[in-house]
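An overview of the molecular structure
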Amino acid sequence: MRIMKKNFKVLFLAIFVSVASCSFTTKEFNDPDKDKLLLDLISYVLQKGHYDPKDVNDEFSADVFENFIEGLDPLKRYFLASDIAEFSKYKTEIDDQIKNKDLSFFDLVYSRFQERMEDVKKIYPDVLSKPFDFNEKETINVDYDNLAYATSLNDLQSRWKKQLKFTTLSGYYDLVEEQKNKEQSISSSKGTKAKEAVDSSEISKKSKTETDEPFKPKPLADLEKKARETTKSSLDEYFDFTKDLERKDYFAIYLNTIVEEYDPHSNYFAPPEKDRFDLQMSGKLEGIGARLQKKNDYITVIEIISGGPAWRSEKIEVGDAIMKVRQEGEKDAVSIVGMRIDDAVKLIKGPKGTNVTLTIKNVDGTISDKTITRDVVELEETYAKSSLIEKEDRKFGLINLPQFYFDMENYKERNAATDVKKEIIRLKEEGMEGLVLDLRDNGGGSLRTAVDIAGLFIKKGPVVQVASTGNKEVLEDKNSEIVWDGPLVILVNELSASASEILAAAMQDYKRAIIIGSKQTYGKGTVQNVIDLNQWLRKNDLGDMGALKITSQKFYRVNGGSTQLEGVKSDVVMPDRYSYIDIGERDYANPLPYDKIDAAKYDLWDGYIDYDETIQKSKERMDKNEQLSLIDDNAKWIKERRDEKEVNMNFKDYSAEIEQRKKETKRFDAIDEYDNHLTFESLPYETALMKQDTTLSEKRKRWHKNLSKDMYVEEAVHVLEDLKLNNIKARKVADIKN
């Protein structure tokens with residue numbers, strides 16, 4: 001996610017660098033061994049610059065031990081139990097090794113991993129040379145966390161055989177279904193042709209040569225063989241990638257294991273890994289337009305970048321796992337299960353205009369192929385956009401803000417705050433009575449724009465508190481102008497993060513807006529800076545040392561509470577399909593804790609009467625809403641499917657389970673067919689633009705169509721109506737008193 005990126009470098013890095021520079025001049029980094037120098041340099045930077053530096057002790061050592069081994073072999077398909085036993089002598093010694101620049105643990109694990117990979121290279125071709133029997137009653141447990149390591153090479157071979165059979169079964173099922181569908185299609189086509197009269201003998205001959213040749217289905221044995229060949233081809237590709245990896249690539253993994261022990265957002269970037277940096281920071285918006293992360297052994301989508309190819313296609317969503325990648329013009333897909341994320345990204349990325357077909361394990365557990373045309377992200381779609389909502393004879397406004405953007409070179413050039421202000425003014429001109437600010441899926445961005453947007457709704461006052469080691473700064477809105485003083489609702493979900501949480505939290509603390517959405521937002525309350533490690537070396541003949549992304553600050557609400565882990569809890573909770581899926585900050589390893597500091601001094605908004613009563617009315621509506629109940633059932637169903645660990649490898653049972661899932665998902669079709677009976681219209685200035693820009697016109701039609709199915713927007717309008725009535729009451733009370 002684009003969470004608190006370069007703006008913090010601008011706002012706070014000067015202070016951090018000045019402190020760090022003084023510290024670093026007292027220590028020499030002159031070890032001629034680059035790996036040892038890197039280990040020394042990174043551990044020192046972390047201790048001096050991290051917001052909450054860890055004690056590098058035996059507990060720290062044990063965590064690095066477990067995580068490094070798991071990072072190399074998450075599915076326990078390489079190391080043997082005897083290897084782990086041998087490694088264990090270092091379990092509580094890694095902390096001392098870090099301090100002494102000792103690489104014994106890394107060297108042993110790395111060399112053994114290379115040996116085991118060579119063993120596996122001999123296993124899989126042999127296993128895949130023989131047919132699998134998919135009529136056997138057999139299951140596989142995919143709960144790899146609780147799987148014991150293989151006790152011998154024979155045991156390891158048995159494990160690989162089972163896993164390869166499972167992988168091949170998936171491909172075999174696809175081939176059987178494809179052939180079945182082709183047979184049904186041809187059968188249907190022949191039935192239609194039988195009713196057609198053909199008078200011309202020339203046409204008859206042409207028809208016979210081109211279409212009457214009978215389709216010959218392949219024997220199942222041939223399909224099984226093809227599925228095995230595809231599995232082998234994917235593994236061949238994978239090991240071709242690993243063959244190109246060098247010791248330094250694995251050492252970078254080891255360094256990252258140490259760095260990420262401090263918190264999940266601190267990372268080491270090896271010099272040549274610019275792609276990795278772009279992926280982590282989401283700054284380079286190209287390819288399919290999705291941010292990916294490796295979870296266990298799967299490459300998982302954790303953000304769809306607004307305006308990108310994946311967003312436009314509507315084929316991929318957050319939580320999907322990418323299992324295979326097939327390039328345009330190629331017959332076979334390459335499995336990326338177990339692949340390093342950098343290598344997987346290289347396969348997924350490609351030149352603008354080319355197609356890539358991804359085999360996706362969808363959020364609901366179904367598997368399907370999705371073809372995406374690669375492109376660059378259309379930046380226009382990351383900007384704020386608005387719609388006028390009409391309900392009977394009343395008008396409301398909706399502003400969608402995908403991210404908190406700004407121009408690094410010139411803040412005044414264009415930024416989220418000035419754009420939101422323009423949209424509010426335009427909506428006011430059309431007579432809006434209440435405003436919905438949609439921050440769903442907004443992963444953050446510029447802190448300054450979040451503060452400035454908050455200032456559009458309050459007179460003056462603090463918006464967020466930012467703490468660094470030994471320091472605290474209160475960022476305030478100092479402009480007394482209120483651009484919108486009417487009813488305000490903010491929509492959030494589990495993917496609303498960082499700057500989104502700052503804005504929503506401030507409006508909630510001031511009782512200026514009612515927050516509607518997920519139980520809580522993402523829960524990222526930390527700030528990162530990127531530090532060039534080369535700047536700390538006076539003399540360096542070892543080449544580029546890379547960079548370190550380090551957590552240096554933490555956010556706090558004006559009421560003193562942190563947004564870290566806790567996020568922002570909605571005033572009115574409405575479930576969605578992510579309600580029971582682990583996608584928040586709390587689901588990472590080693591997140592910084594939630595804590596509190598003293599509250600800032602601020603005055604509650606006094607523009608509403610019965611603010612709490614309005615929230616209660618909304619909750620009562622939600623309790624009776626059958627559509628919400630269906631959405632909640634769908635979220636629970638998705639959670640249950642994702643938690644299933646035992647998978648059938650009997651083809652008949654496997655197929656039956658897939659068919660059963662398809663039937664079960666039909667029950668939830670009503671979610672996408674919902675109609676909130678609201679009318680959405682573009683503002684006059686945009687309507688004029690759409691006359692010349694058909695692409696913009698099509699985008700807005702699609703957006704409005706999606707909004708018309710959105711019950712969260714519907715409830716937001718209900719709340720605005722209630723708040724508007726309360727404002728009327730407030731004016732009447734004032735009149736009586738006067």
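Only a predicted model underlies this, so the values are computations on that prediction, with no experimental measurement involved.

Scanning the protein chain from N- to C-terminus turns up 23 helices and 20 strands. Only carbon and sulfur atoms are counted for the fraction: they give 48% of the accessible area of the protein chain, which is about 34,300 Å².

In this section: the sheet that holds strand β9 (residues 385-391). What the seven strands build is an open sheet, ordered β18-β15-β14-β11-β10-β9-β20; its pairing is mixed. Whereas interior strands pair on both sides, the edge strands pair on one side only; in this sheet they are β18 (572-573) and β20 (679-681). In terms of strand pairing, strand β15 (residues 514-517) meets β18 through two bridges, oriented parallel. Bridging across to β18, Gly-517 finds its partner in Val-573. Here helix α16 (residues 499-509) sits on the sheet in contact with β11 (435-438), β14 (488-492) and β15, set at roughly 140 degrees to β14.

With six of its seven residues buried, strand β5 (residues 321-327) lies for the most part within the structure. Both strand β4 (residues 298-304) and β5 contribute to a ladder of two bridges, which runs antiparallel. Looking at β5, one finds that Ile-299 is bridged to Ile-322. By the bridge criterion, six bridges tie β5 to strand β7 (residues 355-361) in an arrangement that is antiparallel. Residue pairing in the sheet places Ala-321 in a bridge with Lys-361 of β7. The pairing of β5 with strand β6 (residues 334-335) spans two bridges and is antiparallel. Bridging across to β6, Val-325 finds its partner in Val-334.

Turning next to unusual backbone geometry. A negative phi angle is the norm for most residues apart from glycine, just as the trans form is the norm for most peptide bonds. Of note in the backbone geometry, Glu-314 takes a positive phi value of approximately 60 degrees without being a glycine. Backbone geometry at Asn-590 places phi at a positive 60 degrees, although glycine is not the residue there. Position of Asn-590 relative to the elements: it lies in the loop between β18 and α17 (611-623). Relative accessible area serves as the criterion here: at 22%, Asn-590 is assigned to the partly exposed category.

As a further point, take the pattern of salt bridges. In this structure the tally under the stated criterion is 44 salt bridges. Residues Asp-83 and Arg-112 are paired through a salt bridge, measuring 2.8 Å at the closest nitrogen-oxygen approach. Separated by 29 residues along the polypeptide, Asp-83 in helix α4 (residues 81-87) and Arg-112 in helix α6 (residues 104-127) bring together distant segments of the chain. In this structure, Glu-423 and Arg-426 form a salt bridge, with 2.8 Å as the shortest nitrogen-oxygen distance. In this pair, Glu-423 and Arg-426 both sit in helix α14 (residues 416-429), three residues apart, roughly one turn of the helix.

In terms of nonpolar packing, the biggest core is built from 191 residues, with Tyr-268, Ile-424, Ile-453, Phe-457 and Met-507 touching the most fellow members. Element by element, the count of residues in this core is highest for α6, at 11 residues.

Here the structure, examined in full by the defined rule, presents 29 aromatic pairs. Centroid distance Phe-68 to Phe-106: 6.0 Å. Interplanar angle 40 degrees. Geometry classified as tilted. Of this pair, Phe-68 sits in helix α3 (residues 58-72) while Phe-106 sits in helix α6; the two residues are 38 residues apart in sequence, bridging distant segments of the chain. For Phe-68, a relative accessible area of 1% puts it in the buried group. The exposure class of Phe-106 is buried, given its relative accessible area of 0%. An angle of 85 degrees between the planes, with centres 5.3 Å apart, marks the rings of Phe-79 and Phe-87 as edge-to-face. Of the residues examined, Phe-79 reaches a relative accessible area of 0% and is grouped as buried. Over the aromatic face of Tyr-685 sits the side chain of Arg-426, whose NZ or CZ is 3.7 Å from the ring centroid. Geometry around Trp-605 places Arg-512 over its ring, the cationic atom sitting 4.2 Å from the centre.

On to α16, then. Across the 11 residues of α16, 11 count as buried, placing the element largely inside the fold. Listed in full, the buried residues belonging to α16 are Ala-499, Ser-500, Glu-501, Ile-502, Leu-503, Ala-504, Ala-505, Ala-506, Met-507, Gln-508 and Asp-509. Two residues or fewer after α16 comes Lys-511, characterised by a positive phi angle close to 55 degrees.

Let us now look at the confidence of the model for the protein chain. In low-pLDDT regions, the fine details of the predicted coordinates are not to be read closely. Predicted confidence across the protein chain gives a mean pLDDT of 85, with 86% of residues reaching 70 or more. Taken as a whole, residues 1-25 scores under 50 in pLDDT and shows 72 contacts with residues more than four places along the chain or in a different chain. When the criterion is pLDDT under 50, residues 729-738 qualifies, and its contacts beyond four places in sequence or with other chains add up to three contacts.

Cut-offs used in this document
- Residues numbered from 1 in each chain as written.
- Predicted model: local features only at pLDDT ≥ 70, side-chain atom pairs only at ≥ 80, totals over all residues.
- Heavy atoms only, no water.
- Helix = DSSP H or I, 4+ residues; strand = E, 2+ residues; numbered from the N terminus.
- Areas by Shrake-Rupley, 256 points an atom, 1.4 Å probe, with all protein chains shown as cover.
- Pairing = 2+ DSSP bridges.
- Contact = heavy atoms within 4.5 Å.
- Axes fitted to C-alpha atoms, helices over the stretch in contact; angles between N-to-C directions.
- Buried < 20%, exposed > 50% of the residue type's maximum accessible area, 1.4 Å probe, protein only.
- Salt bridge = Lys/Arg side-chain N within 4 Å of Asp/Glu carboxyl O.
- Core = buried A, V, L, I, M, F, W, Y, C linked by side-chain atoms within 4.5 Å.
- Phe/Tyr/Trp six-rings, centres within 6.5 Å; stacked < 30°, edge-to-face > 60°.
- Lys NZ or Arg CZ within 6 Å of the ring centre and 35° of its normal.
- pLDDT = per-residue confidence, 0-100.

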